[in-house]
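An overview of the molecular structure
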Amino acid sequence: MDLEFFADPATFLDAAGDHLAANPVLATVVATVASRAVAEIADGVAQDPRHWYVVARDGGRVAGVGMRTAPHGDRPAYLLPMPDEAARLLARAVHDRGEDLAAVNGALPATQVFADELGRLSGRTPEVWEHTRLHELGDVVDPPPVPGTLRAATRDDLAVCRAWFTAFHVDADEQAGRAPGRAPIETFGDDDLLRRIDTGRIWLWEDGGEVVHLTGANAPAFGVARVGPVYTPRERRGRGYASAGVAGVSRIVLARGARACLFTDQANPTSNKIYAALGYRPVVDMVHVVLR
């Protein structure tokens, strides 16, 4: 078993593309992030030099991949399935590189094995912060109709998009019964949000001339587009806007020739119920582990 680290996302995709393409729904986060980085570099957008991607090989065969590209908080790593031996080897490599890594997301059991080994090496205790579940859409099941219409966000909507992208992460912990502020909140720069708006990746539900809901979608990678974030302000919840928004955006994803998937927080029964009713079905469980 050996590891190869990459700073360049295009080189990483050359090495790991076939592996990611073999299960593109499971690989959605890594594939999306790396593909987006390639596009940004082509547009002259500077990348954080601390970012890395990694390929684990078993006798030359790609056996797993991971990355550390998150821009927020502790900059958690993200792992796809890999043998336990590879997960432990990666933990030792990260420790030997002198990286202060205090959180990791991804597939089980690799993520937990990695966190346990890194905790042993660093003297910290792994703690599961969040259990997530990846779902893929079959056929869209139309929800009950609600007033209003879905429209693509425009540059004039930047302020509300910025506020709601951030509020999504704050409210998600509260809705799942977790104390707010214990995990880092992901932030989004205006340049990033404007690129999403300009490429038709943020959609708003408008009712009576007022914007009441946001549903985002990532650009497809290997034929799969991940829906999210999904946010309705507290005072507008319970009226069906989220179901209508996600159903509408999901139909757009399918119409553009991609498969649709999304993540849910297993501790949030409301969102899990909504997505199941729309036709999303569980694919795999994942986990977010922090090291205290």
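Residues numbered from 1 in each chain as written. Predicted model: local features only at pLDDT ≥ 70, side-chain atom pairs only at ≥ 80, totals over all residues. Heavy atoms only, no water.

**Thoughts on the layout of surface pockets**
Approximately 320 Å³ is the volume found for the second largest pocket. Lining the second largest pocket we find 16 residues, and of these Arg 36, Ala 39, Arg 195, Thr 199 and Ala 219 sit closest to its centre. Residue assignment for the lining of the second largest pocket shows that the elements contributing at least two residues are α2 (28-42) and α6 (190-198). A class-by-class count of the residues in the lining of the second largest pocket yields 5 nonpolar, 4 polar and 7 charged. (1 Å grid on protein atoms, 1.4 Å probe; cavity = no way out; pocket = protein on both sides within 12 Å on 5 of 7 lines; lining within 4 Å. Points joined across faces, edges and corners; volume = space filled by probe spheres on them. Helix = DSSP H or I, 4+ residues; strand = E, 2+ residues; numbered from the N terminus. Nonpolar A, V, L, I, M, F, W, Y, C, P; charged D, E, K, R; others polar.)

**Brief notes about helix α4 (residues 110-122)**
With 13 residues, α4 ought to run about 18 Å at 1.5 Å a step, and its terminal C-alpha atoms sit 18 Å apart, in line with that. Here α4 has its buried residues at Ala 110, Thr 111, Val 113, Phe 114, Ala 115, Glu 117, Leu 118 and Gly 119. In the core, the buried residues of α4 are packed alongside β4 (77-79), α3 (84-96), β5 (103-107), β6 (126-137) and β12 (280-291). Downstream of α4 by one or two residues, Gly 123 has phi in the positive range, about 75°. (Expected span 1.5 Å × (residues − 1). Buried < 20%, exposed > 50% of the residue type's maximum accessible area, 1.4 Å probe, protein only. Contact = heavy atoms within 4.5 Å.)

**Remarks on empty space enclosed by the protein**
For the coordinates displayed, the defined rule picks out 1 cavity of 30 Å³ or more. The volume enclosed by the largest cavity comes to roughly 50 Å³. Lining the largest cavity, in full, are Gly 200, Arg 201, Trp 203, Ala 217, Pro 220, Ala 225, Val 249, Ile 252, Val 253, Arg 256 and Ala 258. The greatest single-element share of the lining of the largest cavity, amounting to 3 residues, is contributed by helix α7 (residues 241-255). Taken together, the residues of the lining of the largest cavity sort by class into 8 nonpolar, 1 polar and 2 charged.

**Quick word on the packing of aromatic side chains**
Taken as a whole and judged by the stated rule, the model has 5 aromatic pairs. Between Phe 6 and Phe 12 the ring centres are 6.1 Å apart and the planes differ by 65°, which places this aromatic pair in the edge-to-face class. We classify Phe 6 as buried; its relative accessible area is 8%. An angle of 20° between the planes, with centres 4.9 Å apart, marks the rings of Phe 12 and Tyr 53 as stacked. Pair noted here: Phe 12 is in helix α1 (residues 9-22) and Tyr 53 is in strand β2 (residues 52-58), with a separation of 41 residues, a long-range link. In this pair, the class of Phe 12 matches that of Tyr 53, namely buried. Arg 97 extends its terminal NZ or CZ atom over the ring of Phe 5, reaching a point 4.1 Å from the ring centre. (Phe/Tyr/Trp six-rings, centres within 6.5 Å; stacked < 30°, edge-to-face > 60°. Lys NZ or Arg CZ within 6 Å of the ring centre and 35° of its normal.)

**Some points on the nonpolar core**
One recurring pattern in soluble globular proteins is that nonpolar side chains are buried together. Phe 12, Leu 20, Val 30, Tyr 53, Val 65 and Leu 80 are the most contacted members of the largest nonpolar core, which totals 23 residues. Every element with two or more residues in this core is listed here: α1, α2, β2 and β3 (61-68). Per-element tally for this core: the top contributor is α2, with 6 residues. Formed by 21 residues, the second largest nonpolar core is a distinct cluster that contains Trp 52, Ala 87, Leu 90 and Leu 101. (Core = buried A, V, L, I, M, F, W, Y, C linked by side-chain atoms within 4.5 Å.)

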